[in-house]
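Observations on the three-dimensional arrangement
Here are the chains, one letter per residue:
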Amino acid sequence: MHISSGRWVYGFLLTLLTAFLWGILPIKLKQVLQVMDPITVTWFRLTVAGGCLFVYLALTRRLPSRKVLGPKGGWLVGMAVCGLVGNYVLYLVGLKMLSPGTAQLVVQMGPIFLMIASVFVFKERFSLGQGVGLVVLIIGFGLFFNQRLEEMLTSLGAYTAGVLTILLATTIWVFYALGQKQLLTVWNSLQVMMVIYLCCAALLTPWAHPLEALDLSPLQGWLLLACCMNTLVAYGAFAEALAHWEASRVSATLALTPLVTFVAVALAAWLWPEYVQAEEINALGYTGALVVVLGSATVALAPSLLAGLKARRLRMAS
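Residues numbered from 1 in each chain as written. Predicted model: local features only at pLDDT ≥ 70, side-chain atom pairs only at ≥ 80, totals over all residues. Heavy atoms only, no water.

Naming follows an unreviewed UniProt entry, where the protein appears as DMT family transporter of Pseudomonas pergaminensis. UniProt's Subcellular location (unreviewed entry) comment on the protein is quoted here verbatim: "Membrane". (UniProt positions renumbered as here; feature names shortened; annotations may be inferred.)

Counting secondary structure elements, the protein contains 13 helices and zero strands. In the protein, the order of α-helices and β-strands from amino to carboxyl end is α-α-α-α-α-α-α-α-α-α-α-α-α. Its C-alpha atoms give the protein a radius of gyration of 20 Å, near enough to 20 Å, the size a compact globule of 318 residues would have. When each of the 318 residues of the protein is scored for burial, the buried share is 46%. Long-range pairs, those at least 24 residues apart, make up 87% of the contacts in the protein with a sequence separation of at least 6. Carbon and sulfur atoms form 71% of the exposed surface of the protein, whose accessible area is close to 16,300 Å². For the protein, the separation between the mean place of its 19 positive charges and that of its 11 negative charges on side chains is 21 Å. (Helix = DSSP H or I, 4+ residues; strand = E, 2+ residues; numbered from the N terminus. Rg over C-alpha atoms; globule rule 2.2 N^0.38 Å. Buried < 20%, exposed > 50% of the residue type's maximum accessible area, 1.4 Å probe, protein only. Contact = heavy atoms within 4.5 Å. Areas by Shrake-Rupley, 256 points an atom, 1.4 Å probe, with all protein chains shown as cover. Lys, Arg positive; Asp, Glu negative; His and termini not counted. Charge placed at Lys NZ, Arg CZ, Asp CG, Glu CD.)

Okay, helix α1 (residues 8-32) next. Compared with the 36 Å implied by 1.5 Å per residue over 25 residues, the 36 Å span of α1 between its first and last C-alpha is a close match. Along α1, the largest kink reaches about 30 degrees and is centred on Leu-25; proline Pro-26 follows within four residues of it. (Expected span 1.5 Å × (residues − 1). Bend = angle between axes of the 7 residues up to and from the residue.)

As a further point, take the packing of α1 against helix α12 (residues 257-271). Look at α1 against α12: their axes get within 8 Å of each other, and the N-to-C directions meet at 50 degrees. Judged by the angle between their axes, α1 and α12 are oblique. Regarding α1 and α12, the two cross each other, and that crossing is right-handed. Each of Ala-19, Phe-20, Trp-22, Gly-23, Ile-24, Pro-26 and Ile-27 in α1 lies in contact with α12, whose residues at this interface are Thr-257, Val-260, Thr-261, Ala-264 and Val-265. Among the residues forming the contact of α1 with α12, the class breakdown is nine nonpolar, three polar and no charged. (Axes fitted to C-alpha atoms, helices over the stretch in contact; angles between N-to-C directions. Parallel < 35°, antiparallel > 145°, perpendicular 65-115°, else oblique. Left-handed = near helix turned anticlockwise from the far one by under 90°. Nonpolar A, V, L, I, M, F, W, Y, C, P; charged D, E, K, R; others polar.)

The next subject is unusual backbone geometry. Trans peptide bonds make up most of the peptide bonds, and negative phi angles are found at most residues other than glycine. In this structure, Arg-61 takes a positive phi of about 55 degrees despite not being glycine. Tracing the backbone shows Arg-61 in the loop between α2 (38-59) and α3 (73-95). On the basis of relative accessible area, Arg-61 is assigned to the exposed category, the value being 80%.

Moving on: the environment of Ile-139. Secondary-structure assignment places Ile-139 in helix α6 (residues 128-144). The class for Ile-139 is partly exposed, based on a relative accessible area of 48%. Taking the C-alpha atoms as reference points, Ile-139 and Trp-245, separated by 106 residues in sequence, lie 29 Å from one another.

Moving on to the nonpolar core. With 79 residues, the main nonpolar core has Ile-196 and Tyr-197 as its most contacted residues. Apart from the residues lying within four places of it in its own chain, the contact partners of Tyr-197 are Leu-46, Ala-49, Gly-50, Leu-53, Leu-84, Tyr-88, Thr-231 and Tyr-235. (Core = buried A, V, L, I, M, F, W, Y, C linked by side-chain atoms within 4.5 Å.)

A separate point is a nonpolar patch on the surface. A cluster of nonpolar residues, Leu-17, Phe-20, Trp-222, Leu-225, Met-229 and Val-233, forms a patch on the protein surface that exposes about 560 Å² of accessible area. Among the secondary structure elements, those contributing two or more residues to the nonpolar patch are α1 and α10 (218-244). It is α10 that contributes the most residues to the nonpolar patch, four residues altogether. Structurally, Val-233 is set in helix α10. Residue Val-233 is classed as partly exposed on the basis of its relative accessible area, which comes to 40%. (Patch = residues over 30% accessible without salt bridge, like charges linked within 9 Å, V, L, I, M, F, W, Y side chains within 5 Å. Salt bridge = Lys/Arg side-chain N within 4 Å of Asp/Glu carboxyl O.)

Okay, the packing of α3 against helix α8 (residues 158-183) next. The contact between α3 and α8 brings their axes to 7 Å, and the two run at 155 degrees. When the axis of α3 is compared with that of α8, the two are roughly antiparallel. As for how α3 packs across α8, the hand of that crossing is left-handed. The residue inventory of the contact of α3 with α8, partitioned by class, reads 19 nonpolar, 11 polar and no charged.

Under the criterion given, the structure shown has eight aromatic pairs. Centroid distance Phe-144 to Phe-145: 5.0 Å. Interplanar angle 80 degrees. Geometry classified as edge-to-face. Neither residue differs from the other here; Phe-144 and Phe-145 are each classed as buried. On the basis of an interplanar angle of 75 degrees and a centroid distance of 5.7 Å, the ring pair of Phe-262 and Tyr-286 is categorised as edge-to-face. In this pair, Phe-262 sits in helix α12 while Tyr-286 sits in helix α13 (residues 283-317), placing the two residues 24 residues apart along the sequence. (Phe/Tyr/Trp six-rings, centres within 6.5 Å; stacked < 30°, edge-to-face > 60°.)

Right, here's the structure in full:
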């Protein structure tokens, strides 16, 4: 089993960097999607990120070997590739119909779906603390969508379709996460990401329209480049954070990502109102967002907190 290095401050700072980069990403994507279609944007992001990783691994002579995969390796790569492609494209489709903050908040269901899938696939335990966190999360979503709850339950408008599309994207992401988890037993994280990114880009090539980039304004062009580098740097920081800090604490800190998005949108709408529209959420909705973050953090931290409490009781009893 992997043991963190103990450099928790370094891991914490890397996790905050990941949360910040993921938090501002939908704001940049929203601007690029005004000109480019979701498949082409995804193709650019994956091609640039995968290409950079390929160059780095080639220069350091650490390109992944196909031989170590074994007979089931191809299926794992295929599952991860289809999961990531579906997640990236569907997320952008949903983002076109939603505000950045709402889209980022719905994505918080991803770790929950992964946790439930891990119970069945990897026979992991589902603790009482995680159950409490899940209930808190659901209550938070109810509060957040208080203004749109009737619309979501009674009609299939653009807003409801956007939420359902993001949920579908998040569900498909679980297949990527499960496939990547198994691939990490034979390749390191950079090798896994390079293979998945380049395979995803190759899969999308027939439907991509790279010449759409010529229609971007200079600002949108820089934002597209920033989105591509965000894909590379954020996941790199995330992988490095896991090397220095416990996974549960990394996940709990990343639950702050939607709050980063809400703050970033409010700041951007104030500074550049001609480009970014402010979130249309009431006070109860913002309270719900905080509750969702609390529930997500509880789900992530519950196993380690309960294990620590149990160990403390055993030490006291002895």
